[in-house]
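Residue-level structure breakdown
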Amino acid sequence: YTSIGADANNTVYIAFIHEGSLKLATVDETGDDKVVTVDPSGAVTMFCSLRVFGPQSAYRVGIAYYEYDNDTRLKLALMDGNGRFSIHTVEEGGSVGAYVSLAGTAQWESLRIAYRDALRKTVKVARMREPGNPQAGWWTFHADTMTDVGTYVSLAMNENPQTREITAVAGYHDAGNQRARAL
């Protein structure tokens, strides 16, 4: 699984998983490319979602991803303007974090993460308890608790520039009823 985004300077960012490690490839408009290891744990599996933030943001890139070893964790890696990553655990335990989708506005502080709780077969959403402070913890809630939902989740957000009101919508598969759903 890969996830891709581009910034205002035409730099392309590609998050991917290789041999259990989360990687980030960048290619700028001159064609210079680079690959860095974001999380070398060896426990990163299948699912990642990348978001490029605006030029005024404290962070340039965010990557939400699913980690599995003896337990599961939903994690978030944030890359600052110097290319350094900070890694934060959003939720752990049970079977959380599959089919992860990261969305936000131009400023990273408003980001949300939608994902599947495979144990409960529900869609969950996470957001920071204190906007702009991932260290303060995360609010997580079950957004849809219908029977067997949450695979292939995709999250989008928009901010009204006049009111700063944020609208979010998630689409996902409802396996129990064999149809697509949105909330």
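Regarding the overall build of the protein chain
If you tally the helices and strands in the protein chain, you get zero helices and 15 strands. Its C-alpha radius of gyration of 16 Å places the protein chain within 12% of the 16 Å reference for a compact globule of 183 residues. Taken along its principal axes, the extent of the C-alpha atoms in the protein chain is 50 × 45 × 30 Å. In the protein chain, buried positions account for 46% of the 183 residues. A fraction of 37% describes how many contacts in the protein chain between residues 6 or more apart in sequence connect residues 24 or more apart. Taken as a whole, the protein chain presents about 9200 Å² of accessible surface, with 47% of it coming from carbon and sulfur. One finds the centroid of the 17 positive side-chain charges in the protein chain at a distance of 5 Å from the centroid of its 21 negative side-chain charges.

Quick word on the nonpolar core
Counting 31 residues, the largest nonpolar core has Leu76, Leu111, Ile113 and Trp138 as its most contacted members. Looking at this core, the elements that each hand over two or more residues are β6 (59-68), β7 (72-80), β9 (96-103), β10 (112-117), β11 (122-130), β13 (149-159) and β14 (166-174). Looking at which element gives the most residues to this core, the answer is β9, with six residues. What Ile113 contacts, discounting residues up to four positions off in sequence, is Ala64, Leu74, Val90, Val100, Ser101, Leu102, Lys124, Val125, Ala126, Trp138 and Leu155.

So, the pairing of strand β3 (residues 21-27)
Of all the seven residues making up β3, six are buried; the element is thus mostly covered by neighbouring parts of the structure. Relative to β3, strand β2 (residues 12-18) runs antiparallel, the two sharing seven bridges. Paired with Ala15 across the two strands is Leu24, which belongs to β3. Counting the residues that bridge the hairpin from β2 to β3 gives two residues, and of these Glu19 lies at a positive phi of roughly 50°. For β3 and strand β4 (residues 33-39), the ladder comprises six bridges, and the chain directions are antiparallel. Residue pairing across strands places Val27 opposite Asp33, the latter belonging to β4. Connecting the antiparallel pair β3 and β4 is a turn made up of five residues, with Gly31 showing a positive phi of about 95°.

Here we look at the sheet that holds β7
Each strand in a sheet pairs with its neighbour through backbone hydrogen bonds, running either in the same direction (parallel) or in the opposite one (antiparallel). Here we have four strands laid out as an open sheet, ordered β5-β6-β7-β8, and antiparallel in their pairing. Two strands bound the open sheet, and with one partner strand each, they are β5 (44-52) and β8 (85-92). Each strand axis lies, on average, 20° off the axis of its neighbour in the sheet, ignoring direction. Examined bridge by bridge, β7 and β8 share seven bridges and lie antiparallel to one another. When the bridges of β8 are listed, Ala77 appears paired with Ile87.

Observations concerning the environment of Ala118
Relative to the helices and strands, Ala118 resides in the loop between β10 and β11. Between the C-alpha atom of Ala118 and that of Met146, which follows or precedes it by 28 residues, the distance is 13 Å.

Reading the values: rules and limits
- Residue numbers restart at each chain and count upward from 1, following the sequence in its written direction.
- Per-residue local features of the predicted model are confined to residues with pLDDT of at least 70, and side-chain atom pairs are confined, for both listing and counting, to 80 or more; whole-chain, interface and lining totals are unaffected and use all residues.
- Excluded from the side-chain calculations are hydrogens and water; all other atoms, namely the structure's heavy atoms, are used.
- Strands are runs of DSSP state E lasting at least 2 residues, helices are runs of H or I lasting at least 4, and numbering of each runs from the N terminus.
- We take the radius of gyration over the C-alpha atoms and set the globule estimate at 2.2 Å times the residue count to the 0.38 power.
- The buried label goes to any residue with under 20% of its type's maximum accessible area, the exposed label to any with over 50%, and the partly exposed label to all in between, with areas taken from a 1.4 Å probe on protein chains only.
- We call two residues in contact whenever any of their non-hydrogen atoms come within 4.5 Å of each other.
- For the area figures, the Shrake-Rupley method with a 1.4 Å probe applies, and any residue is considered shielded solely by the protein chains shown.
- We score Asp and Glu as negative and Lys and Arg as positive, and we do not count His or the chain ends.
- Charge positions are represented by NZ for Lys, CZ for Arg, CG for Asp and CD for Glu.
- We define a nonpolar core as any set of buried Ala, Val, Leu, Ile, Met, Phe, Trp, Tyr and Cys residues linked to one another through side-chain atoms lying within 4.5 Å.
- Two strands qualify as a pair provided that DSSP identifies no fewer than 2 bridges between them.
- For helices, the axis comes from a line fit to the C-alpha atoms of the stretch in contact; other axes are also lines fit to C-alpha atoms, and the angle between any two N-to-C directions lies between 0 and 180 degrees.

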